[in-house]
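Chain residues, written in single-letter form:
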Amino acid sequence: MTTATAPSPAALTASDRCDRCGAQAYLRVELQSGGELLFCAHHAREHGDKIREIAANVLDETHKLHSTPNAASTES
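## Concerning the environment of Glu 61
Moving on, step 1. Summarising the element assignment, Glu 61 is placed in the segment after strand S3 (55-60).
Moving on, step 2. Taking the C-alpha atoms as reference points, Glu 61 and Ala 11, 50 residues apart in sequence, are found 8.2 Å from one another.
Moving on, step 3. Not counting chain neighbours up to four residues away, the residues in contact with Glu 61 comprise Ala 11, Leu 12 and Tyr 26.
Moving on, step 4. Here Lys 64 takes part through its side chain, which lies 2.8 Å from a polar atom of the side chain of Glu 61.

## Points about the nonpolar core
Moving on, step 1. Of all hydrophobic cores here, the largest spans seven residues; its members are Leu 27, Val 29, Leu 31, Phe 39, Ala 44, Ile 51 and Ala 55.
Moving on, step 2. The leading source of residues in this core is strand S1 (residues 27-31), at three residues.
Moving on, step 3. The residues touching Ala 44, leaving out its near neighbours within four places in the chain, are Leu 27, Phe 39 and Ile 51.

## Describing the sheet that holds S3
Moving on, step 1. Taking strand neighbours across the sheet as the criterion, the three strands line up as S2-S1-S3 in an open arrangement whose pairing is antiparallel. On the outer flanks of this sheet lie strand S2 (36-39) and S3, each paired with one strand and no other. Pairwise comparison of adjacent strand axes, ignoring direction, gives a mean angle of 15° for this sheet.
Moving on, step 2. Pairing analysis gives four bridges linking S1 to S2, with the strands arranged antiparallel. Counterpart to Val 29 in the pairing with S2 is Leu 37.

## Details of the pattern of salt bridges
Moving on, step 1. Going through the model one piece at a time under the given rule, you end up with four salt bridges.
Moving on, step 2. Asp 49 is the salt-bridge partner of Arg 52, the closest N and O atoms lying 2.7 Å from each other. With a gap of three residues between them, Arg 52 and Asp 49 both fall in helix H2 (residues 48-54), about one helical turn apart. Both residues of the pair, Arg 52 and Asp 49, belong to the exposed class.
Moving on, step 3. Of the charged contacts in the structure, one is a salt bridge between Lys 50 and Glu 53, with a shortest N-O distance of 3.6 Å. Of the two residues, Lys 50 and Glu 53 both sit in helix H2, three residues apart, roughly one turn of that helix.
Moving on, step 4. Relative accessible area serves as the criterion here: at 52%, Glu 53 is assigned to the exposed category.

The rules behind each value
Residues numbered from 1 in each chain as written. Predicted model: local features only at pLDDT ≥ 70, side-chain atom pairs only at ≥ 80, totals over all residues. Heavy atoms only, no water. Helix = DSSP H or I, 4+ residues; strand = E, 2+ residues; numbered from the N terminus. Contact = heavy atoms within 4.5 Å. Polar contact = N/O pair within 3.5 Å; in protein donor to acceptor, adjacent residues only side chain to side chain. Core = buried A, V, L, I, M, F, W, Y, C linked by side-chain atoms within 4.5 Å. Buried < 20%, exposed > 50% of the residue type's maximum accessible area, 1.4 Å probe, protein only. Pairing = 2+ DSSP bridges. Axes fitted to C-alpha atoms, helices over the stretch in contact; angles between N-to-C directions. Salt bridge = Lys/Arg side-chain N within 4 Å of Asp/Glu carboxyl O.

Here it is in structure tokens:
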């Protein structure tokens, strides 16, 4: 007998949008009741206490807002 395991949530992409305002989502909340919600960083902070109450799993990628891409070097 084999047991299926739930896959880890996929990384969020630029096409994932906040369910509240439509901005790019950086937080995926899997609900205890089933389903999921997506939040931008602003709304994730605003509703953080409530999110923790109802979440079964949270994928938080807000760290991506603070990372800076490598600058292309320019040589003259």
